[in-house]
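Coordinate inspection notes
The chain contents come next:
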Amino acid sequence: MDQRDLHGYGENPPFADWPGSARVAVSLVLNVEEGSERRISRGDAENENVYDMIDDIVDLPNLSMESHFDYGTRAGYWRVMRVFDKYGVSCTANCCAEALALSPWLSRDLLSRGHEISCHGYRWASHLYMTEEEERDSINKAVSTIKAACGQRPVGWHTRCPHTKNTRKLLIEEGGFIYDSDAYDDDLPYLVDAGEGQHVVLPYSLDTNDMRYQRPEAGFVRAKDFADYVIDAFDWLWEEGETVPKMMT
């Protein structure tokens, strides 16, 4: 029997009761993947081929793609932090464990600024073809690696999609995760049974997400295009009186 919930909260979603009587809560997420992507130069069978590098380089390192990823930690991170500092906002840093191990300064800087470090898997790779035992080992390795880099373990999780039928069960089994974002099916968080307790699912959004710059059909050309889209989504929800948890960027 299919166990999908195709109804959700229905016509009358619950009142979220955000702090300060806020009507909308926005969760800003910064993905940290640099160095954990697939690359032949570190012994992988293939190079990462997502983003705007259209050539699928086979059997040789794709140095252009590696440079593309390097920009994030070398320059992009600091640009984003300056904006966050300017407006006094915090974010969830969705970090691949290997990326933090390669850039230990990054975790120290994130925590010193008051940001949350969540886990984006051990590497920036889907768990789709892992056996249950392989996935369990990968989750445990990710937790221990982030704890070693940060001095604290992550309590949030988001797999590079798609995840597997075992992912959430293994996160709950591991015992230290409060929530995961391996869902795209709602505007509000919801609870699922987790043995004697409950586990929070905080749905992620690929709609208000800057990855759409990499999709020609999205139509984003200037920064203002993306900004207008996100602002429109926020304003519509505000005008309608909805209470939603976030817009991911």
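Description of the structure in this document.

**Remarks on the overall build of the protein chain**
- Helix and strand counts for the protein chain stand at 6 helices and 7 strands.
- Each helix and strand of the protein chain, ordered N terminal to C terminal, gives the series β-α-β-α-α-β-α-β-α-β-β-β-α.
- Going through the 249 residues of the protein chain one by one, you find that 41% of them count as buried.
- Intrachain contacts of the protein chain at a sequence separation of at least 6 include 61% that bridge at least 24 residues.
- For the protein chain, the accessible area works out to roughly 14,300 Å², and carbon and sulfur atoms hold 52% of it.

**Points about the packing of aromatic side chains**
- Tallied over the full model, the rule gives 6 aromatic pairs.
- A ring pair is formed by Tyr77 and Trp78, whose centres lie 4.9 Å apart and whose planes are at 80 degrees; its orientation type is edge-to-face.
- Judged by relative accessible area, Tyr77 falls into the buried class, the value being 4%.
- By relative accessible area, which is 30% here, Trp78 ends up partly exposed.
- Taken together, a centroid distance of 5.9 Å and an interplanar angle of 75 degrees make the contact between Tyr77 and Trp105 edge-to-face. Of this pair, Tyr77 sits in helix α1 (residues 63–87) while Trp105 sits in helix α3 (residues 104–112); the two residues are 28 residues apart in sequence, bridging distant segments of the chain.
- Through pairs of rings, three or more aromatic residues link up here, namely Tyr77, Trp78 and Trp105.
- Between Arg153 and the ring centre of Phe177, over which it is positioned, the NZ or CZ distance is 4.7 Å.
- Looking at Arg160, its charged tip hangs above the ring of Trp124, at a distance of 3.7 Å from the centre.

**Digging into helix α4 (residues 132–150)**
- End to end, α4 covers 27 Å across 19 residues, agreeing with the expected 27 Å (1.5 Å per residue, within 8%).
- Looking only at α4, the buried set comprises Glu135, Arg136, Ser138, Ile139, Ala142, Val143, Thr145, Ile146, Ala149 and Cys150.
- Contacts from the buried residues of α4 go to β2 (92–95), α2 (97–102), α3, β3 (116–119), β4 (156–157) and α5 (167–174).
- Trailing α4 by a residue or two, Gly151 shows a phi angle of about 85 degrees, which is positive.

**A word on the side chain of Thr159**
- In this structure, Thr159 sits in the loop between β4 and α5.
- Residue Thr159 is classed as buried on the basis of its relative accessible area of 1%.
- One polar contact links Thr159 to Trp157, side chain to side chain, over a distance of 2.7 Å.
- Filtering out sequence-adjacent residues up to four positions away, Thr159 remains in contact with His120, His127, Thr167 and Asp182.

**Here we look at the nonpolar core**
- Core analysis: the biggest nonpolar cluster contains 30 residues, and Cys95, Leu100, Leu110, Ile117, Ile146, Trp157 and Phe177 have the highest contact counts within it.
- The residues contacting Phe177, other than those within four sequence positions of it, are Cys119, Ile139, Val143, Arg153, Pro154, Val155, Gly156, Trp157, Leu171 and His199.

**A look at the pairing of strand β7 (residues 197–201)**
- Pairing analysis gives 2 bridges linking strand β5 (residues 179–180) to β7, with the strands arranged parallel. Within the sheet, the bridge partner assigned to Tyr179 lies in β7 and is Val200.
- Adjacent in sequence and paired antiparallel, strand β6 (residues 190–194) and β7 are bridged by 2 residues, among which Gly195 carries a positive phi angle near 70 degrees.

Criteria and cut-off values
- Residues numbered from 1 in each chain as written.
- Predicted model: local features only at pLDDT ≥ 70, side-chain atom pairs only at ≥ 80, totals over all residues.
- Heavy atoms only, no water.
- Helix = DSSP H or I, 4+ residues; strand = E, 2+ residues; numbered from the N terminus.
- Buried < 20%, exposed > 50% of the residue type's maximum accessible area, 1.4 Å probe, protein only.
- Contact = heavy atoms within 4.5 Å.
- Areas by Shrake-Rupley, 256 points an atom, 1.4 Å probe, with all protein chains shown as cover.
- Phe/Tyr/Trp six-rings, centres within 6.5 Å; stacked < 30°, edge-to-face > 60°.
- Lys NZ or Arg CZ within 6 Å of the ring centre and 35° of its normal.
- Expected span 1.5 Å × (residues − 1).
- Polar contact = N/O pair within 3.5 Å; in protein donor to acceptor, adjacent residues only side chain to side chain.
- Core = buried A, V, L, I, M, F, W, Y, C linked by side-chain atoms within 4.5 Å.
- Pairing = 2+ DSSP bridges.

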